[in-house]
Amino acid sequence: MKKLMHFLARIFPSNEAGENPAAVKMFHLMTKVKERFKSRRTEAGNQWPLYPGSYTVINAQANIAVCTLTSENLIATEDLLSKNVAIIGTVMTSNLGIEKIILNIISNPHIRYFLLCGKESPIFKVGQAFDCLFHYGVDKDKRIINADGYFPVLNNLPMQKINHFLKQVHFINLTNEKQGHVILQAIDDIKGKKEIFKDFTVGGSEGLKEEVISEIKPGGRRIPLDYDQKGFFVITVDNPKREITVKHYYKDNRAGFMIKGHSSEAILLAILDNDLVSQMSHAGYLGAELAKAETAIKLGLKYTQDQSLKKG
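Residues numbered from 1 in each chain as written. Predicted model: local features only at pLDDT ≥ 70, side-chain atom pairs only at ≥ 80, totals over all residues. Heavy atoms only, no water.

Enquirer: Outline helix 5 (residues 159-168), supporting the account with residue identities and numerical values.
Expert: Among all positions in helix 5, only K161, I162, H164, F165 and Q168 are buried. Buried positions in helix 5, seen along its axis, are confined to an arc of 160° and lie on one side of it. Of the residues in helix 5, the exposed ones pointing more than 90 degrees away from the buried face are Q160 and K167. (Buried < 20%, exposed > 50% of the residue type's maximum accessible area, 1.4 Å probe, protein only. Helix = DSSP H or I, 4+ residues; strand = E, 2+ residues; numbered from the N terminus. Arc of directions from axis to C-beta.)

See below:
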């Protein structure tokens, strides 16, 4: 700063009163430019991360971003809360979730490593999508090439930001690894490799388009279940066996099918796969009742169909 002030004093002579307003003005201008450049280079301050999510910021100046996929418990693992980690969090979807991760990382030039760990989502398969993104990139429609999960399309990101992300970070894939000491070892192997991304631009400042969502008030007309031409269901729970039983009957009360299981989702899928419902309201009703039944088993509560859960 002193050298800068002396330099300005030489090129901007003082006036008769011994004052140098031109040098002072130029000094303030250059200081503002420097501060602005610094804020752009280290947007990891109060404005970072740019997008909300299920994450914890540990040290915004660190060089590692950790994503634990669907394993929320790993976020609070004490060993992983290392000062060498900038941010740690989960992700659930292979589209909007990945987009937010990309925008938050490219808005911080300190982050040079992206470590993936934790349990994979069986539907979205985000870990596999990230692996494909780094190995194969995206096609002209911004679909992640060879990704198997549900709708792995980065529709809201320009190619420039996707390429920025792939160039900025080194990818470390520990998908389905849930042991803290293994993940921590990978973090320790990285921690000494610090280098700010030189090709940094403020990557996240122009990111996702603001969601335009129309709000619908809850409620509506309920269609009587006896309108379903495929019949009706009786749901019971065996708490000691931790088992749900669903019996299907036709409209004339003839016995149809019986499904037993421990998972409400598996039972509902069996009902849908065997085409045992004909109206959406009936399927929604079954989903809600089966979820209650599974909750009763897990918490040791008493389940009676069409009634609130009670203590056993």
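Enquirer: Any details on the pairing of strand 4 (residues 113-118)? Residues and values, ideally.
Expert: When you tally the buried positions in strand 4, you get six out of six residues, the bulk of the element. Note that strand 2 (residues 64-67) and strand 4 share four bridges and pair parallel. Bridging across to strand 4, V66 finds its partner in L115. In the sheet, strand 4 pairs with strand 5 (residues 170-175) via six bridges, with the strands oriented parallel. Within the sheet, the bridge partner assigned to L115 lies in strand 5 and is I172. (Pairing = 2+ DSSP bridges.)

Enquirer: A description of the layout of surface pockets should follow, citing residues and the corresponding values.
Expert: By volume, the largest pocket is sized at about 340 Å³. Every residue lining the largest pocket is counted, 22 residues in all, and those nearest its centre are Y55, T90, V91, G97 and I101. Taken together, the elements giving at least two residues each to the lining of the largest pocket come down to strand 2, strand 3 (85-89) and helix 3 (96-106). Examining the composition of the lining of the largest pocket, we find that five residues originate from one element, helix 3, more than from any other. (1 Å grid on protein atoms, 1.4 Å probe; cavity = no way out; pocket = protein on both sides within 12 Å on 5 of 7 lines; lining within 4 Å. Points joined across faces, edges and corners; volume = space filled by probe spheres on them.)

Enquirer: Please set out the environment of Y303 residue by residue, giving values where relevant.
Expert: For Y303, the location among the structural elements is in the loop between strand 9 (301-302) and strand 10 (310-311). A C-alpha to C-alpha distance of 7.4 Å links Y303 and T236, two positions 67 residues apart in sequence. Once residues within four sequence positions are removed from consideration, Y303 is found in contact with I235, V237, E289, K292, A293, A296 and L309. (Contact = heavy atoms within 4.5 Å.)

Enquirer: How would you summarise the nonpolar core if you had to cite specific residues and measurements?
Expert: F114, F130, L133, I144 and F165 are the most contacted members of the largest nonpolar core, which totals 33 residues. Every element with two or more residues in this core is listed here: strand 2, strand 3, helix 3, strand 4, helix 4 (126-136) and helix 5. The element contributing the most residues to this core is helix 3, with six residues. When neighbours within four sequence positions are excluded, L133 is seen to be in contact with I102, V138, I144, L154, I162, F165 and L166. One finds I235, I267, L286 and A296 within the second-largest nonpolar core, a separate group that totals 18 residues. (Core = buried A, V, L, I, M, F, W, Y, C linked by side-chain atoms within 4.5 Å.)

Enquirer: Give me the pattern of salt bridges: which residues, what numbers.
Expert: Counted according to the given criterion, the structure contains five salt bridges. Note that D252 is salt-bridged to R254, the shortest N-O span being 2.8 Å. Residue classification places D252 among the partly exposed residues on the basis of a relative accessible area of 47%. (Salt bridge = Lys/Arg side-chain N within 4 Å of Asp/Glu carboxyl O.)

Geometry only, nothing functional implied.
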